[in-house]
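Here is what each chain is made of, one letter per residue.
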Amino acid sequence: MASEIVDLRSDTVTKPTPGMRRAMAEAEVGDDVFGDDPTVNRLQAVLAERLGFEAGLFMPSGTQSNLTALMTHCQRGDEVIVGQQAHTFRYEGGGAAVLGSIQPQPVENAPDGSLPLEKIAAAIKPDDPHFARTRLLALENTIGGKALAPAYCAQATRLAHARGLATHLDGARLFNAAAALGADARELVRGFDSVSVCLSKGLGAPVGSVLLGRREFIAAARRPRKMLGGGLRQAGVLAAAGLYALEHHVARLAEDHENAARLAAGLRAIDGLQVEHATNMVFVEVPPQRFDALPPFLRERGIVVLAHNPLRLVTHLDVDRAGIERAVAAFAAYFRR
Ligand SMILES: *Cc1c(COP(=O)(O)O)cnc(C)c1O
């Protein structure tokens, strides 16, 4: 669906399709705080079944889903080992510390996005009153667009469990990782005690994330979710969008990855740009003296980017191949001047 505007700021900018809006309008609903909403219940059950978990919990956002998971795994004074680049550490307002009294122990991510096993092991504290209680390892897949391999996730979660830690995966873009690796998403989450999946990124739903885990874990997660303001009432209208997305928008993620690859190839042909591509993201380092005038130049041609160097360009449901060609042409026109 090409619109006039090619919005490459994020995969969160997608608008619900006509089919998705129909599914939302027709959703059966009930009060989800009472567990009465049949559409929310179906979404939770469908995703749990698909990823091999016992239960799921629908939330308005990925930030809330991650924080709810952290607050369920950890008590006040516990510690989470997390990537320096992880969304839960960098981009969620410090919620684990601010609202959960959970101490983050950041570990430098390797260039492939993983946390090296020896660094995880070294960050685990002994049982000693000097230290916070290391309780949880949190990973992210994809991270910066890069997919973590199932073999790495298996090793990292095995290490964590052997040292008595629980494991959480921020799988905001889990299905992008699965598409990139040609793997079943279920394989990528094996070994994690909990996983959070976003419906509002590449899957194209307007809102929503689902937290997955064992039955008792999800039962316990209902309290922090309520505390954080995530107890919704007739949320089936939102869950219906998520169910529609799972049915219609997972297989097509490969198209976003192809479009990102095409965008990267087109930009690599332009002198002076440093271009990297992973899944649905393209990172472009622009010579600093050429950067400031670039975003407004693109905007005049209907191409929208965040004014941050390196640029992060993200493909999604509302960007088609023609849009990619327009974007490449606009960049080329700018750098010809
Ligand atoms: C977007 C995102 C989140 C948070 O999702 P929101 O719904 O925007 O709160 C969490 N983790 C990652 C990796 C994300 O990209």
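Below you will find a few notes about this structure. Because the structure is predicted, anything quoted here is derived from the model rather than measured.

1. Here's the deal with the nonpolar core
Of all hydrophobic cores here, the largest spans 50 residues; its most connected members are Leu51 and Phe175. Looking at which element gives the most residues to this core, the answer is helix α11 (residues 236–248), with 6 residues. Ignoring any residue separated from it by four or fewer positions in sequence, one finds Leu51 in contact with Leu174, Phe175, Ala185, Arg186, Val189, Val197 and Leu212. Core analysis: the second largest hydrophobic core is formed by 28 residues, Leu267, Val284, Phe297 and Val319 among them.

2. Things to note about the sheet that holds strand β2 (residues 55–59)
With mixed pairing, 7 strands are arranged side by side in an open sheet as β2-β8-β7-β6-β5-β3-β4. Where the open sheet ends on each side, the last strands, each with one partner, are β2 and β4 (103–107). Between one strand and the next, the sheet's axes are offset by a mean angle of 20°, whatever the strand orientation. In the sheet, strand β6 (residues 166–171) pairs with strand β7 (residues 194–198) via 4 bridges, with the strands oriented parallel. If you follow Leu169 over to β7, its bridge partner there is Val195.

3. Some details on the side chain of Asn66
Along the chain, the position of Asn66 falls in helix α3 (residues 62–73). Among the residues examined, Asn66 registers a relative accessible area of 1% and is labelled buried. Here the side chain of Asn66 touches Glu92 through a polar contact of 3.1 Å, side chain to side chain. Residues in contact with Asn66, not counting those within four places in the same chain, are Thr88, Glu92, His168, Asp170 and Ser196.

Analysis parameters
Residues numbered from 1 in each chain as written. Predicted model: local features only at pLDDT ≥ 70, side-chain atom pairs only at ≥ 80, totals over all residues. Heavy atoms only, no water. Core = buried A, V, L, I, M, F, W, Y, C linked by side-chain atoms within 4.5 Å. Buried < 20%, exposed > 50% of the residue type's maximum accessible area, 1.4 Å probe, protein only. Helix = DSSP H or I, 4+ residues; strand = E, 2+ residues; numbered from the N terminus. Contact = heavy atoms within 4.5 Å. Pairing = 2+ DSSP bridges. Axes fitted to C-alpha atoms, helices over the stretch in contact; angles between N-to-C directions. Polar contact = N/O pair within 3.5 Å; in protein donor to acceptor, adjacent residues only side chain to side chain.

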